[in-house]
Amino acid sequence: MTMAAGTGLTLGNTGNPAAIAFPTTFVTAFITLNVTSTVTYQSTAAQTISNAPPSYGNLTAATSGTKTLAGAITVAGNLAITGTATLASDIYQIIGNAAGSMTMAAGTGLTLGNTGSAIVVAFPTIFTAITLNATSTVAYQGNGNQTISGNPPTYGILTTATSGIKTLAGNVTVATTLNMTAGNINLNTFTLTLGNGAVATLTNGGSKIAYGGTFTRYLLLGTAVSSTVAPLYGLFPMGTSTDYRPIEINSTDNPTGSGYVSAVHTDAAGVTDVAYVDNGGVAIQRITDMKSTLSTSGGFGGGTYNLDVTFTALVAGVAGNLRMETIAGAPPGVGAHAATGGTDPTAPIVKRTGLTAANLANDFVAGTTNKTATPMRRQDYYSIVTTGNWTTAGTWSETDGGASCGCTPGTGDNVFITSNNTISLTANTTIVDVTIYPSGGVLNLNDFDLTINGNLTINGTLTNNGTNHLVANGSSNITFGNTGNATLFLDQTTDGTTNRLGTLILNRTGNTITMGASLQTATALTLTAGKLAMGANTL
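Residues numbered from 1 in each chain as written. Predicted model: local features only at pLDDT ≥ 70, side-chain atom pairs only at ≥ 80, totals over all residues. Heavy atoms only, no water.

**Student:** Is there a simple way to think about the overall build of the protein chain in this case?
**Tutor:** Each helix and strand in the protein chain was counted, giving 1 helix and 51 strands. Principal-axis analysis of the C-alpha atoms places the extent of the protein chain at approximately 100 × 60 × 35 Å. For the protein chain, the residues scored as buried account for 50% of the 539 residues in total. Partitioning the contacts of the protein chain with sequence separation of at least 6, the portion at a separation of at least 24 is 49%. When the accessible surface of the protein chain is split by element, carbon and sulfur atoms take 53% of a total near 20100 Å². Charged side chains in the protein chain number 16 positive and 21 negative. The centres of these two groups are separated by 7 Å. (Helix = DSSP H or I, 4+ residues; strand = E, 2+ residues; numbered from the N terminus. Buried < 20%, exposed > 50% of the residue type's maximum accessible area, 1.4 Å probe, protein only. Contact = heavy atoms within 4.5 Å. Areas by Shrake-Rupley, 256 points an atom, 1.4 Å probe, with all protein chains shown as cover. Lys, Arg positive; Asp, Glu negative; His and termini not counted. Charge placed at Lys NZ, Arg CZ, Asp CG, Glu CD.)

Right, dumping it as structure tokens:
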């Protein structure tokens with residue numbers, strides 16, 4: 001079978017649903033389609049696009065219905081999707097050519113991948129002249145990870161339709177609608193722009209996340225901005241690969257200048273202790289290193305806005321101690337504080353109201369007015385004095401061997417008693433993790449109780465006797481390592497809780513750990529080396 005230059009083959013009738021196929025039975029090796037020949041699948045219903053030709057010249061999916069690949073194909077000329085037809089790749093790849101063009105007309109569709117298969121199918125490759133109508137739809141729907149091509153100058157409607165990570169391969173612009181139906185989008189350091197000189201719609205099928213880059217939206221003068229009412233002009237669905245941390249802008253007065261608002265979320269595990277009074281006259285003690293950043297461009301201006309930013313992976317605390325803060329500013333903070341939203345202080349929605357367009361361009365963090373009751377993130381504290389008290393600010397550094405931070409550990413933090421340092425309690429104390437270094441690390445409870453909500457690792461010395469106790473919470477873990485005999489007193493106030501550990505691990509060769517009181521373990525007792533002497537106590 002041969003098709004000469006400029007010839008055409010139409011398969012199907014534009015007024016009939018009959019699924020006419022490509023000529024059958026011819027052997028692939030004996031099918032030759034000139035690069036300027038054209039094959040058009042034009043039935044009004046579904047058709048199968050044959051993979052028998054070694055290469056198509058020009059290929060057109062026309063009229064209506066879904067035209068599905070029977071196998072991988074090569075297009076040596078131009079690829080066109082016209083009428084209201086949908087070209088379905090199924091599990092097969094379309095290979096184009098640098099000299100050819102790819103066009104999608106209004107109302108057409110292109111589906112990439114099979115919803116029941118994890119086989120990776122990419123956007124048609126090699127084409128450089130690509131034109132996608134603003135109402136055409138490209139759906140990445142493979143049941144697994146896929147790459148979103150940055151080759152089309154602009155997508156019309158872009159849909160992420162199935163599970164798996166959809167990763168940008170370059171900057172992407174969407175003219176009309178972004179449907180985040182399923183799966184998260186890895187921005188991969190690139191920018192996804194929603195709206196190109198005109199507003200565009202976002203649909204988000206249940207907290208789907210864009211992370212690792214910049215998410216930009218075009219906002220139109222005189223048009224209300226909402227993060228909850230369709231078309232969701234004010235929702236920036238940011239976060240990490242696992243945590244949804246949206247940025248939500250809602251206008252109370254509409255913008256007077258059209259332009260772009262861009263969002264970036266930066267994940268970080270730490271916190272920074274501060275001592276300032278914000279623009280609301282409130283003293284802030286600590287801010288998150290995690291931040292959400294907004295910037296504006298292209299003439300955006302005017303209007304008044306409320307801003308909500310969600311933070312997750314914080315530690316338990318009091319929601320009323322949390323506020324949205326800015327990193328910059330003298331003083332930090334813009335607009336007016338509004339009560340923290342959400343029911344869980346570990347995933348608060350911090351809020352500000354009455355922001356101007358200029359106020360939006362800031363780095364936003366969560367701040368706490370009480371880092372002891374509401375530490376937000378666990379901070380590591382290292383002892384840096386030969387002898388000192390737990391509650392003395394000069395005792396601690398936030399880095400091992402670093403300078404004094406002028407601060408003290410909060411209840412949600414981690415403490416390291418370093419070698420050749422003896423640290424003493426001056427009051428009953430609660431902490432998450434404590435690690436006592438070998439070679440002279442000493443923690444002296446000094447007639448007070450130490451409540452451990454996480455892990456206690458004793459490679460040095462813990463002074464613990466009948467007048468002071470370790471207080472467990474039912475799942476605390478204690479490990480004895482290194483060397484030395486020791487006595488372990490657990491608080492007996494609430495049997496089954498304050499004297500109940502998750503695990504107890506003994507790894508002290510040739511040494512004995514003596515129980516000074518009864519104790520329980522919920523998960524495991526591991527005797528790797530050494531002895532556990534119970535005496536008259538109950539284990």
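Moving on, there is more to tell.
**Student:** Is there a simple way to explain the sheet that holds strand β23 (residues 210-211) in this structure?
**Tutor:** The strands making up a sheet are joined through hydrogen bonds of the backbone, oriented either antiparallel or parallel. Pairing is parallel across the open sheet formed by 4 strands, whose spatial order is β16-β18-β20-β23. With one partner strand each, in any of the chains shown, β16 (146-148) and β23 form the two edges of the open sheet. Pairing of β16 with strand β18 (residues 166-168), which is carried by 3 bridges, proceeds in the parallel orientation. Its bridge partner being in β18, Ile 148 is matched across the sheet by Leu 168. (Pairing = 2+ DSSP bridges.)

**Student:** For this particular structure, what's the right way to read the environment of Val 261?
**Tutor:** On the secondary structure map, Val 261 appears in strand β27 (residues 259-266). Here the alpha-carbon distance between Val 261 and Ile 95, two residues 166 residues apart in the chain, equals 36 Å. Ignoring sequence-local partners within four residues, the contact set of Val 261 consists of Phe 215, Thr 216, Arg 217, Leu 219, Phe 236, Ile 249, Leu 294, Ser 295, Thr 296 and Phe 300.

**Student:** In this structure, what is going on with the pairing of strand β14 (residues 129-132)? I would like to understand it.
**Tutor:** Consecutive side chains of a regular strand alternate in pointing toward one face of the sheet and then the other. Side chains Ile 130 and Leu 132 project from β14 onto a buried face, and the interleaved Ala 129 and Thr 131 project onto a face without burial. Here strand β12 (residues 101-104) runs beside β14; their pairing, made up of 4 bridges, is parallel. Bridge pairing in β14 places Met 102 opposite Ile 130.

**Student:** I'm lost on the side chain of Ser 64 in this one. Help?
**Tutor:** Along the polypeptide, Ser 64 turns up in the loop between β6 (58-61) and β7 (66-69). At 2.8 Å, the side chain of Ser 64 forms a polar contact with the backbone oxygen of Thr 44. If near-sequence neighbours (up to four positions away) are discounted, Ser 64 is found in contact with Ser 43, Thr 44, Ala 45, Thr 84 and Ala 85. (Polar contact = N/O pair within 3.5 Å; in protein donor to acceptor, adjacent residues only side chain to side chain.)

**Student:** Explain the pairing of strand β21 (residues 191-194) here, please?
**Tutor:** Inspection of the sheet shows strand β19 (residues 172-180) paired to β21 by 3 bridges, in the parallel sense. If you follow Val 174 over to β21, its bridge partner there is Leu 194.

**Student:** Just checking my understanding: could you explain the packing of aromatic side chains for this structure?
**Tutor:** The description of two aromatic rings rests on the distance between their centres and on the angle between their planes. Counted under the stated rule, the structure contains 9 aromatic pairs. Ring geometry for Tyr 218 against Tyr 260: centres 5.0 Å apart, planes inclined by 70°, an arrangement best described as edge-to-face. Residue Tyr 218 is found in strand β24 (residues 214-219), and its partner Tyr 260 is found in strand β27; the two are separated by 42 residues along the sequence. A relative accessible area of 10% places Tyr 218 in the buried class. Classification of Tyr 260 as buried rests on a relative accessible area of 19%. What links up through ring pairs into an aromatic cluster is the set Phe 123, Tyr 140 and Tyr 155. (Phe/Tyr/Trp six-rings, centres within 6.5 Å; stacked < 30°, edge-to-face > 60°.)

**Student:** Explain a nonpolar patch on the surface here, please?
**Tutor:** A cluster of nonpolar side chains, namely Leu 525, Leu 527, Met 534 and Leu 539, defines an oily patch on the protein surface of about 330 Å² accessible area. Along the chain, Leu 527 falls in strand β51 (residues 520-533). Classification of Leu 527 by relative accessible area gives partly exposed; the value is 49%. (Patch = residues over 30% accessible without salt bridge, like charges linked within 9 Å, V, L, I, M, F, W, Y side chains within 5 Å. Salt bridge = Lys/Arg side-chain N within 4 Å of Asp/Glu carboxyl O.)

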